[in-house]
Amino acid sequence: MTVRLFSEEELDELRVSPKRLTNPGSRWTGKPTEAPVHRQRSFKATGEDAAGTRFDIYQRQNLLDEADFSSGIALVSVDGSRLTLARYNGPSHEHGDISYRPHIHRANAESIATGGKPERHAEETDRFVTLEGAFACLLEDFNIAGISATHDGQRALPL
């Protein structure tokens, strides 16, 4: 499979282009392990462009650690290959200089061009502290319609 190179402008266009969920009623399921520790729900979205660009969107929550969550979006190519465009992660782990704080990974052209994980770089954020808040931010940032989520506002994780 050949990896397509994207410019920052193309990645920006993928972020802001209107998208609509095609399965907003997706249900939560346990991740396939012996004893599910995570639950996940997966969505499909279609771009409102002429090409009908396809996207996969997910929410994942660790059932044993409220701070261990992720919400993400990937571009799905015609051949079925995926490019993760973003992951909105909870504060359950360290990532480089980010120490147990919510953070957002976004694909960038440089990482794609060098063959690294496209979304390897992350930025700390105070925009969310829960999975619901992360999902709300993802929906807003990626212009996704067909489902709603509530922003966290000023809520903090319980200690």
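Residues numbered from 1 in each chain as written. Predicted model: local features only at pLDDT ≥ 70, side-chain atom pairs only at ≥ 80, totals over all residues. Heavy atoms only, no water.

Which residues make up the pattern of salt bridges, and what are the values?
Side chains that differ in charge, positive against negative, can pair when their charged atoms come close. Enumeration according to the criterion identifies 9 salt bridges in this entry. Taking the shortest distance from any N to any O, the salt bridge between Glu 119 and Arg 87 comes out at 3.1 Å. Remark: Arg 87 occurs in strand 6 (residues 82–89) and Glu 119 occurs in the loop between helix 2 (109–113) and strand 10 (122–124); sequence separation between them is 32 residues. This pair shows no difference in class: Glu 119 is buried, exactly as Arg 87 is. A salt bridge links Asp 141 to Arg 106, with the shortest nitrogen-to-oxygen separation between them at 3.6 Å. With Asp 141 in helix 3 (residues 131–141) and Arg 106 in strand 9 (residues 103–106), this pair connects stretches of sequence that are 35 residues apart. On the basis of relative accessible area, Asp 141 is assigned to the partly exposed category, the value being 22%. (Salt bridge = Lys/Arg side-chain N within 4 Å of Asp/Glu carboxyl O. Helix = DSSP H or I, 4+ residues; strand = E, 2+ residues; numbered from the N terminus. Buried < 20%, exposed > 50% of the residue type's maximum accessible area, 1.4 Å probe, protein only.)

Pulling in residues and values, what's your account of the environment of Glu 8?
Mapped onto the fold, Glu 8 is located in helix 1 (residues 8–16). Residues within four places of Glu 8 in sequence aside, it is in contact with Arg 15, Asn 108, Ala 109 and Glu 110. (Contact = heavy atoms within 4.5 Å.)

Lay out the nonpolar core with the relevant residues and their values.
If you look at the biggest cluster of nonpolar residues, it comprises 28 residues, and the most contacted ones within it are Leu 11, Ile 57, Ile 73, Leu 85, Tyr 88, Phe 142 and Ile 144. Among the secondary structure elements, those contributing two or more residues to this core are helix 1, strand 3 (38–47), strand 4 (54–62), strand 5 (69–76), strand 6, helix 2 and helix 3. Per element, the largest residue contribution to this core is 6 residues, and it comes from helix 3. Sequence-distant contacts of Ile 144, defined by excluding residues within four places in its chain, comprise Lys 19, Leu 21, Ile 57, Ile 73, Leu 138 and Leu 139. (Core = buried A, V, L, I, M, F, W, Y, C linked by side-chain atoms within 4.5 Å.)

Explain the environment of His 105 to me, using residue names and the numbers behind them.
Among the structural elements, His 105 can be located in strand 9. On a C-alpha basis, the gap between His 105 and Asp 49 in space is 25 Å, while along the polypeptide they are 56 residues apart. Apart from the residues lying within four places of it in its own chain, the contact partners of His 105 are Leu 85, Ala 86, Arg 87, Asn 89, His 95, Glu 119, Arg 120, His 121 and Ala 122. Engagement of the side chain of His 105 in a polar contact is seen with the side chain of Asn 89, the distance being 3.4 Å. Here Glu 119 takes part through its backbone oxygen, which lies 3.0 Å from a polar atom of the side chain of His 105. (Polar contact = N/O pair within 3.5 Å; in protein donor to acceptor, adjacent residues only side chain to side chain.)

Got a sec to walk through the pairing of strand 4? Specific residues and values, please.
With 7 of 9 residues buried, strand 4 lies mostly within the body of the structure. Strand direction decides the pairing type here: strand 3 and strand 4, joined by 9 bridges, are antiparallel. Residue pairing in the sheet places His 38 in a bridge with Asn 62 of strand 4. Counted between consecutive antiparallel strands, the loop separating strand 3 from strand 4 contains 6 residues, among which Gly 52 sits at a positive phi close to 60 degrees. Connecting strand 4 to the next strand, strand 5, in antiparallel fashion are 6 residues. (Pairing = 2+ DSSP bridges.)

Could you give an account of the confidence of the model for the chain, with specific residues and numbers?
Of the residues in the chain, 91% have a pLDDT of 70 or more, and the chain-wide mean is 88. Between the elements of the chain, mean pLDDT differs from a low of 78, seen in strand 7 (residues 94–95), to a high of 97, seen in helix 3. (pLDDT = per-residue confidence, 0-100.)

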